[in-house]
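# Commentary on secondary and tertiary structure
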Amino acid sequence: MSNDATGATNARSTGADAGNLGYLALGLTLLAYGLLSTGILHGAGVGSAAHLAHVLGGATLFIAGLWQLRGGEGFTGTAFTSLGAFWAAWSAAGGAGKNAAGLFLLLWALLALTLTAASWGAGLIGRAVYGLLTLSLVLSAIGSFGGYGGLAKAAGWIAAVSGLAAWYWATSALSNGSWGRIALPVK
């Protein structure tokens, strides 16, 4: 991955790039967050699963981001470390009130908006990952402020689609790099 956010097509075969790990962690964490926010999964253990997914995703993203920054990859390094911090903090703030949670989500939506603008040259998949994340965070914030459960569910579905896009991006980079040809297009 490069500083100009060109996406999965620039994956290096040296193994020194943690971009694929970061996008897999982002994708799976967004999928967990999204699906759990929709309410389709419920019952015993769901809260523990959400906490674990957010902590694990946050730690993995943060480490991948530091790895990217060390390798000179400013965009993915910034994206992964900041989103890793978001997921870890979100997990720790489990009992926050609706206004605190709404403000937290809204402020992180600003970061996601910055990432959306910075990833514009990465093609449709890059725009989808960060654009849908931004939309999901804005809707989640509004839902939190107003106590709108339906809006929170819609935000969950959008987060899940964003997670699928991030997962596809990483799968594309890994497949295209190992197969020696474009098997899963990203542009």
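Each value, and the rule that gives it
Residues numbered from 1 in each chain as written. Predicted model: local features only at pLDDT ≥ 70, side-chain atom pairs only at ≥ 80, totals over all residues. Heavy atoms only, no water. Helix = DSSP H or I, 4+ residues; strand = E, 2+ residues; numbered from the N terminus. Buried < 20%, exposed > 50% of the residue type's maximum accessible area, 1.4 Å probe, protein only. Contact = heavy atoms within 4.5 Å. Areas by Shrake-Rupley, 256 points an atom, 1.4 Å probe, with all protein chains shown as cover. Axes fitted to C-alpha atoms, helices over the stretch in contact; angles between N-to-C directions. Parallel < 35°, antiparallel > 145°, perpendicular 65-115°, else oblique. Left-handed = near helix turned anticlockwise from the far one by under 90°. Patch = residues over 30% accessible without salt bridge, like charges linked within 9 Å, V, L, I, M, F, W, Y side chains within 5 Å. Salt bridge = Lys/Arg side-chain N within 4 Å of Asp/Glu carboxyl O. Phe/Tyr/Trp six-rings, centres within 6.5 Å; stacked < 30°, edge-to-face > 60°. pLDDT = per-residue confidence, 0-100. Core = buried A, V, L, I, M, F, W, Y, C linked by side-chain atoms within 4.5 Å. Expected span 1.5 Å × (residues − 1). Nonpolar A, V, L, I, M, F, W, Y, C, P; charged D, E, K, R; others polar.

### Remarks on the overall build of the protein chain
Secondary structure summary: the protein chain contains 6 helices and 0 strands in total. Starting at the N terminus and walking to the C terminus, you meet the elements of the protein chain as α-α-α-α-α-α. Taking all 187 residues of the protein chain together, 45% fall into the buried category. In the protein chain, once contacts between residues fewer than 6 apart in sequence are set aside, the share between residues at least 24 apart is 67%. Here the protein chain displays about 8500 Å² of accessible surface, and carbon together with sulfur accounts for 71% of that area.

### With respect to the environment of Y23
Residue placement: Y23 occurs in helix α1 (residues 19-38). Assessed through its relative accessible area of 1%, Y23 is described here as buried. When the C-alpha atoms of Y23 and T171 are compared, they prove to be 8.9 Å apart, with 148 residues separating the residues in sequence.

### Quick notes on the packing of helix α4 (residues 98-118) against helix α5 (residues 124-146)
Two numbers describe how α4 lies on α5: the axes approach to 8 Å, and their chain directions differ by 165°. Accordingly, the angle class assigned to the pair α4 and α5 is roughly antiparallel. α4 and α5 meet at a crossing whose hand is left-handed.

### Structural notes on a nonpolar patch on the surface
On the surface, a cluster of nonpolar side chains totalling about 530 Å² of accessible area is made up of L103, L106, L107, L110, L113 and F145. Per-element accounting of the nonpolar patch gives the leading share, 5 residues, to α4.

### Concerning the packing of aromatic side chains
For the structure on display, the rule yields 11 aromatic pairs. Between W90 and F104, the aromatic rings sit 5.7 Å apart at their centres with planes inclined by 15°, giving stacked as the arrangement. One end of the pair, W90, is in helix α3 (residues 74-92); the other, F104, is in helix α4, and 14 residues separate them in sequence. F104 sits in the partly exposed class, given a relative accessible area of 22%. Taken together, the aromatic side chains of Y33, F86, W87, W90, F104 and W108 make up a single cluster linked through ring pairs.

### So, the confidence of the model for the protein chain
Interpreting fine coordinate detail is not advised for predicted regions of low pLDDT. Across the protein chain, the average pLDDT comes to 83, with 82% of residues at or above 70. Taking the mean pLDDT of every element in the protein chain, the minimum, 82, falls on helix α2 (residues 46-70) and the maximum, 93, on α4. Taken as a whole, residues 1-14 scores under 50 in pLDDT and shows 39 contacts with residues more than four places along the chain or in a different chain.

### Observations regarding the nonpolar core
Side chains that are nonpolar tend, in soluble globular proteins, to be buried together. Counting residues in hydrophobic clusters, the biggest one holds 32 residues, and the most contacted among them are Y23, L26, L83, V129, Y130 and L137. Looking at this core, the elements with two or more residues in it are α1, α2, α3, α4, α5 and α6 (149-179).

### Overview of the environment of Y33
Looking at the element boundaries, Y33 is found in helix α1. Looking at Y33, the relative accessible area reads 6%, which means it is buried. Placed 20 residues apart in sequence, Y33 and A53 show a C-alpha to C-alpha distance of 7.9 Å. What Y33 contacts, discounting residues up to four positions off in sequence, is H54, W87, W90, L105, S136, S140 and A159.

### Examining α5
Compared with the 33 Å implied by 1.5 Å per residue over 23 residues, the 32 Å span of α5 between its first and last C-alpha is a close match. Downstream of α5 by a residue or two, G147 has a phi angle that is positive, lying close to 70°.

### Focus on the packing of α1 against α3
Between α1 and α3, the least distance of the axes is 11 Å, while the angle of their chain directions is 35°. For the crossing formed where α1 meets α3, the hand is left-handed. Residues G19, G22, Y23, L26, T29, L30 and Y33 of α1 touch α3, and the partners they reach there are F75, T76, F80, L83, W87 and W90. Of the residues assigned to the contact of α1 with α3, the class counts are 9 nonpolar, 4 polar and no charged.

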